[in-house]
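# Tertiary structure, described
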Amino acid sequence: MIRTIPRGRRGRTGAAVLAALATAALSACAPSSGGEAGAGDPLPTVTVEDAASFDLNALVEAAKKEGGLLAYDGSGDVKDMAAAFEKKYGIKAEGVKSKAAATAEKMTREAQAKNVTIDVSLFEDGPMLVGQLLPQKIVKTWIPPDLAGSIAEKNRNPLMMISKAYVFAYNPKLNPNGCPVKNMWQLTEPEWKGKVMLQDPLGKEVFTQWFTQMSEQGSDKLAAAYEQLGKGKLKLDEKDPAYEWVKRFAKNDPVLTTEDEDVATAVGAPNQTRTTIGLFSIAKFRDLEDKKFNMKVCEGLAPWTGFAYPKFATIATGSKHPNAAKLFVHFAMEKEGFDLEAHSGGVSGNDKVGVSPHNPPGLTDWNTQLYWFSSDQLLADFRARQDIKDFWRVNHS
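About the cut-offs
- Residues numbered from 1 in each chain as written.
- Predicted model: local features only at pLDDT ≥ 70, side-chain atom pairs only at ≥ 80, totals over all residues.
- Heavy atoms only, no water.
- Helix = DSSP H or I, 4+ residues; strand = E, 2+ residues; numbered from the N terminus.
- Buried < 20%, exposed > 50% of the residue type's maximum accessible area, 1.4 Å probe, protein only.
- Contact = heavy atoms within 4.5 Å.
- Areas by Shrake-Rupley, 256 points an atom, 1.4 Å probe, with all protein chains shown as cover.
- Core = buried A, V, L, I, M, F, W, Y, C linked by side-chain atoms within 4.5 Å.
- Expected span 1.5 Å × (residues − 1).
- Bend = angle between axes of the 7 residues up to and from the residue.
- Axes fitted to C-alpha atoms, helices over the stretch in contact; angles between N-to-C directions.
- Parallel < 35°, antiparallel > 145°, perpendicular 65-115°, else oblique.
- Left-handed = near helix turned anticlockwise from the far one by under 90°.
- Nonpolar A, V, L, I, M, F, W, Y, C, P; charged D, E, K, R; others polar.
- Disulfide = S-S within 2.5 Å.

Once that is clear, we can look at the overall build of the protein chain. Of the regular secondary structure elements, the protein chain holds 14 helices and 13 strands. Counting over 397 residues, the protein chain shows a buried share of 57%. A separation threshold of at least 6 residues defines the contact pool for the protein chain, and within that pool the share at least 24 residues apart is 79%. Summed over all atoms, the accessible surface of the protein chain reaches about 16700 Å², with 50% contributed by carbon and sulfur.

In structure tokens, the structure reads:
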């Protein structure tokens, strides 16, 4: 059964209430020693321990004395990572799939109560991370000293573990001649009204971040893509082409869900007879083998077939298992941990690990096909978050 979020007042109000409650909870539960990020660099200074004096074996032994470990991630891959970590080191580990907003709220409450249970968070909500969790010292960044030489400066604060991707995809069995859309602007046209699916942006922060990132850095390419339609220059009713696209897309009745699984099912389930374009994580392409789905990335879609976004590795400041948490981060930054997150593609924050050779069909070049988030814009994304959510809410009516 596909769980969709209904349009209309009830659906909009429910999403708005949930978003407001989450924001209020984070603000109310924030430790008194911190606050939201202000002007300038809001992040605690990150220093790298001396690699020459770092002893991985000593860290392993210290971690073994601490007991178990609990890691949260927006992807279910964390369960496989925890199992592999436990097998390798003999340290009991549990991985829990949890959306970023829920994880942030839980970690904030735990920090306030000084009863921390989550040791590690593999966190994809960069704006929340730099805007609240790091400046409030709910989490911290630790860089494995022996791996620091292959972690670029731009990926250190916060520590970028992996870049993953969301892509527009279609069903090649129903469309043997290729993706039925060639341009993102086509998704705003009447022909595609109600035929595009994605998770609700009000509950999936990576989408609202994509909107604000495009506004900051992608407007020129969006405007150029519009001209490729042969309708002349783009006429703006909003402040820039990104906001114009978001408005038109929202008004074109995209079907919103609560999980990527529902989107992938609607696009590629074996019994599917209706053409739908879906925007979902490349992780769902495991369903090609696991469930015999028919899906392919919309190769050649202008200006982008989707977007690449960073996932960060953080340690709870009050972790009761600090050495085990460090060891888990170390594991995540190595090839063994990376492969468990990148079975459908990805780029490691560790340059020596590099790029996964496993990409979904239709995604051949991450650099040219995907819009890339900039970590320099994370704080700006955080400050613009409520405005873009309100903008989406008003237009998806």
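Next up on the list: the nonpolar core. Grouped together as the largest cluster of nonpolar side chains are 41 residues, with contacts concentrated most on Phe 168, Met 184, Trp 210, Met 214, Trp 245, Ile 277 and Phe 307. At the level of secondary structure, the elements contributing two or more residues to this core comprise β6 (160-170), β7 (196-199), α6 (205-217), α7 (219-227), α8 (241-251), β9 (277-281), β11 (306-316) and α14 (378-395). Per element, the largest residue contribution to this core is six residues, and it comes from α8. Look past the residues within four positions of Met 214 in its chain and what remains in contact with it is Met 184, Ser 219, Leu 222, Ala 242, Trp 245, Trp 304 and Tyr 371. Counting 37 residues, the second-largest nonpolar core is a separate cluster that includes Ala 71, Val 78, Ala 93 and Ile 315.

Right, let's talk about α14 for a bit. The end-to-end C-alpha distance of α14 is 24 Å, a good match for the 26 Å that 18 residues give at a rise of 1.5 Å each. The largest bend in α14 comes to about 50°, at Ala 384. Of all the positions in α14, only Leu 378, Leu 379, Asp 381, Phe 382, Arg 385, Ile 388, Lys 389, Phe 391, Trp 392, Arg 393 and Asn 395 are classed as buried.

Bringing the packing of helix α2 (residues 56-64) against helix α11 (residues 322-333) into the picture now. Where α2 contacts α11, the axes come no closer than 8 Å and their chain directions differ by 130°. On the basis of their axis angle, the class for α2 and α11 is oblique. Both α2 and α11 take part in a crossing whose hand is left-handed. Along the contact surface, α2 presents Leu 56, Leu 59, Val 60, Ala 62 and Ala 63, while α11 presents Asn 323, Ala 324, Lys 326, Leu 327 and His 330. Residue classes in the contact of α2 with α11 are distributed as seven nonpolar, two polar and one charged.

Time to look at the environment of Asn 252. One can find Asn 252 in the loop between α8 and β8 (255-257). Remark: the alpha-carbon pair of Asn 252 and Ser 397, spanning 145 residues in sequence, is separated by 9.5 Å. Not counting the four nearest positions on each side in its chain, Asn 252 is found in contact with Leu 187, Thr 188, Glu 189, Pro 190, Trp 192, Lys 193 and Gly 194.

In this structure the tally under the stated criterion is one disulfide. Each sulfur in the disulfide pair Cys 179 and Cys 298 lies 2.2 Å from the other. Across the S-S bond of Cys 179 and Cys 298 the torsion is about 60°, and the bridge reads as right-handed. One end of the pair, Cys 179, is in the loop between β6 and β7; the other, Cys 298, is in the loop between β10 (296-297) and β11, with 119 residues separating them in the sequence.

With respect to the helices, strands and loops of the structure, Thr 208 is situated in helix α6. In contact with Thr 208, other than residues within four places in its own chain, are Pro 201, Ile 388 and Lys 389.

Another aspect to go through is unusual backbone geometry. The step from Asn 157 to Pro 158 runs through a cis peptide bond, and the omega angle for that step is 0°. Mapped onto the elements, Pro 158 comes out in the loop between β5 (139-140) and β6. In this structure, Pro 303 follows Ala 302 across a cis peptide bond, with omega equal to -5°. Not every positive phi belongs to a glycine, and Lys 114 is a case in point at roughly 55°.

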